[in-house]
Structure formats: structure tokens, C-alpha cells
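Letter by letter, the chains look like this.
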Amino acid sequence: MLTTELTTNSVRHTKGHASVRLHWLCPVLRVSVWDMSPDLPPLAPPPSVSVHADSGRGLVILDAVADRWGGCAIGEGAYGPGGKTMWFELALPQAPPPLLAV
């Protein structure tokens, strides 16, 4: 769901190429969506969005479900266009330590 939110924003609000990257950093999964627009959305979710709104809930969902999220603009460089990357992380819950028998 979160990947879909970021990817949909990239497709709807930018032109050109986009890509999705999954990076497993045990016990954290980081999902990044890159596109060619350097324009970042507001990195704080809106305070409230009507349940009847056609859009605007993506960052609210991201903020509620992801363990961490953010974004950064990337400058144009020798290896290609800049753009931006939006990302989120999901962490596996850590198991409680085993109980010791006394």
C-alpha cells in the first residue's frame, strides 16, 4: 500500500522516468521511489483530510503506517538527471528476550 502511494504520486505529479528500489537492511525494509522532479511534497502530513477528498491522504497513510519516512532532492550530476527520492522504512518487530527458568 505504501509503495503504491509513493509510486502513484510520482506518476501523477511528475513527467519522465521513475523507479522503485527495495533495500533489505535486516530487520528493516527500506522502499525508495525516485523520479525526475526535484520538487518535494511537504514532508509533514496535512493536519486533516476529508474522508470524501479525492486525494491528499497518501502522506497521512505513510505517516500512520511507516516506521520512518522522508525524501530528498538530488542535484543534476555527471551520472544523470537529479530528481528526488521519497522513501519509507518498515521494521520487523523485535522478539522479546526468552524467559529464563529459575
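Definitions and limits used
- Residues numbered from 1 in each chain as written.
- Predicted model: local features only at pLDDT ≥ 70, side-chain atom pairs only at ≥ 80, totals over all residues.
- Heavy atoms only, no water.
- pLDDT = per-residue confidence, 0-100.
- Helix = DSSP H or I, 4+ residues; strand = E, 2+ residues; numbered from the N terminus.
- Pairing = 2+ DSSP bridges.
- Axes fitted to C-alpha atoms, helices over the stretch in contact; angles between N-to-C directions.
- Buried < 20%, exposed > 50% of the residue type's maximum accessible area, 1.4 Å probe, protein only.

A few words now on the confidence of the model for the protein. Per-chain confidence: the protein averages 84 in pLDDT, with 78% of residues scoring 70 or above. Across the protein, strand E2 (residues 28-35) holds the top mean pLDDT of 96, while helix H2 (residues 58-65) sits lowest at 86.

Moving on, we come to the sheet that holds E2. Spatial ordering of the open sheet is given by E1-E2-E4-E3, a layout of 4 strands whose pairing is antiparallel. The outermost strands of the open sheet, each flanked by one partner alone, are strand E1 (18-25) and strand E3 (68-74). Neighbouring strand axes in the sheet, compared pairwise and without regard to direction, differ in orientation by 15 degrees on average. In this sheet, strand E4 (residues 83-91) lies alongside E2 in antiparallel orientation, the contact comprising 8 bridges. Each bridged residue has a counterpart across the sheet, and for Val33 the counterpart in E4 is Met86.

This part takes up the pairing of E2. In terms of burial, E2 is a largely internal element, 6 of the 8 residues being buried. Note: E1 against E2, 8 bridges, orientation antiparallel. Paired with Leu25 across the strands is Val28, a residue of E2. What sits between E1 and E2 in their antiparallel hairpin is a turn of 2 residues.

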